[in-house]
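# Observations on the model geometry
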Amino acid sequence: MGSPNQIVKFLTVSYSQLLTQRTSSLKFLGSLGKYMILVILLLNSKSLPFLYHIRCYSVILKATRRRRREEKERRNLIGTVKKDLFRVLKQEHRLWPDDMDINFHMNNSSYLKNLDYARLEFIYTQFGDLLHSGKLFIPNAGVKAYFKKEISPLAKYNIETRILTWNNKWMFVVSRFAILKSKSPVIAAIVLTKMVFKEPNGKTIEPVVAFERAGFGYSALEEIVNREEIRKKGWEYVQGLFDADGLFDYNLDS
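### Comments concerning a nonpolar patch on the surface
A contiguous nonpolar patch, built from Val39, Leu43, Trp96 and Leu154 and spanning about 330 Å² of accessible area, is present on the exposed surface. Tracing the sequence through the fold places Trp96 in the loop between strand E1 (89-94) and helix H3 (108-133). With a relative accessible area of 33%, Trp96 lands in the partly exposed category.

### Regarding H3
Taking 1.5 Å per residue, 26 residues should reach 38 Å; H3 reaches 35 Å between its end C-alpha atoms and fits that length. Along H3, the sharpest change in direction is near 90° and occurs at Phe127. The N-capping residue of H3, defined by a side-chain oxygen 2.8 Å from the backbone nitrogen of Ser109, is Asn107. Gly134, located one to two residues past H3, shows a positive phi value of around 80°.

### Concerning the packing of helix H2 (residues 51-75) against H3
Two elements in contact, H2 and H3, have axes separated by 8 Å at closest approach and are oriented at 40°. Our classification of the angle between H2 and H3 gives oblique. Note that H2 runs across H3; the crossing there is right-handed. Here H2 contributes Tyr52, Arg55, Cys56, Val59, Ile60, Lys62, Ala63, Thr64, Arg66, Arg67 and Glu71 to the contact with H3, which in turn contributes Lys113, Asn114, Asp116, Tyr117, Leu120, Glu121, Tyr124, Thr125, Gly128, Asp129 and His132. Along the lines of polarity and charge, the residues of the contact of H2 with H3 split into 8 nonpolar, 5 polar and 9 charged.

### Observations concerning the pattern of salt bridges
Under the defined criterion, the tally for this structure stands at 11 salt bridges. Glu121 serves as the salt-bridge partner of Arg66, at 2.5 Å between the closest nitrogen and oxygen. Taken together, the residues Arg66 in helix H2 and Glu121 in helix H3 connect sequence positions 55 residues apart. Judged on exposure class, the residue Arg66 and its partner Glu121 are both buried. One salt bridge connects Glu71 with Arg67, and the closest N-O pair in it is separated by 3.9 Å. Of the two residues, Glu71 and Arg67 both sit in helix H2, 4 residues apart, roughly one turn of that helix. Of the residues examined, Arg67 reaches a relative accessible area of 3% and is grouped as buried. Through salt bridges with shared partners, a single network forms among Lys62, Arg66 and Glu121.

### Regarding unusual backbone geometry
Residues apart from glycine generally show negative phi values, whereas peptide bonds are mostly found in trans. For Phe50, which is not glycine, the phi dihedral falls at a positive 70°. Structurally, Phe50 can be placed in the loop between helix H1 (4-43) and H2. When its relative accessible area of 62% is taken as the criterion, Phe50 is described as exposed. Of note, Phe104 is a non-glycine position whose phi angle comes to about 60°, a positive value. Tracing the backbone shows Phe104 in the loop between E1 and H3.

Conventions used here
- Residues numbered from 1 in each chain as written.
- Predicted model: local features only at pLDDT ≥ 70, side-chain atom pairs only at ≥ 80, totals over all residues.
- Heavy atoms only, no water.
- Patch = residues over 30% accessible without salt bridge, like charges linked within 9 Å, V, L, I, M, F, W, Y side chains within 5 Å.
- Areas by Shrake-Rupley, 256 points an atom, 1.4 Å probe, with all protein chains shown as cover.
- Salt bridge = Lys/Arg side-chain N within 4 Å of Asp/Glu carboxyl O.
- Helix = DSSP H or I, 4+ residues; strand = E, 2+ residues; numbered from the N terminus.
- Buried < 20%, exposed > 50% of the residue type's maximum accessible area, 1.4 Å probe, protein only.
- Expected span 1.5 Å × (residues − 1).
- Bend = angle between axes of the 7 residues up to and from the residue.
- Polar contact = N/O pair within 3.5 Å; in protein donor to acceptor, adjacent residues only side chain to side chain.
- Axes fitted to C-alpha atoms, helices over the stretch in contact; angles between N-to-C directions.
- Parallel < 35°, antiparallel > 145°, perpendicular 65-115°, else oblique.
- Left-handed = near helix turned anticlockwise from the far one by under 90°.
- Contact = heavy atoms within 4.5 Å.
- Nonpolar A, V, L, I, M, F, W, Y, C, P; charged D, E, K, R; others polar.

If you want it as structure tokens, here you go:
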């Protein structure tokens, strides 16, 4: 056994080495924790506070720029850009962790959240002039979703949106969630949105009147007939949906 001085010296050195190792470990864990937090934030970035609102405004800005560019091309007779009432607008997406449920595929509610972005871009592309002027707004009066295939983690998919049909009050917009496969897209879900055109005073405007105001006028009799045929074909898919409106007066306790 060594002298007391040697023992004290040994203990002092051992304690210093222990403190150094502990400090290094804490620094390592601290750095690792920072990276883990950063990774978690990146994977869930779509759910950060106010990001939904930022994305909505960025989508509106994107649609506004596209609409103005197309209008300029039409005025200058450049290209073949034409105002098409039945145009299909595609928006690209990828399934990130914050859109998944406990089964690790796309959450049902996430379909509707991401549809907000696609529908906003579509509405502001087709009717942006009326919306920006404050002469018209287009409330959402109901959504009906049909699911067929699951969307897997990190899968790429498109939301394809167009006008399906209308009557003297309602306009129905159909959106298709298409998983991007190597050969051909796979349809995962179909969502119908019932919308209505309103003036600032609350007066309802018929869709055909709103179409005219937005510049989707008829150029020939053939176009009138073709538009009506498309409308009637689409109406076959939605006419039964109005029966569900009676549920507003249905007593769940009876």
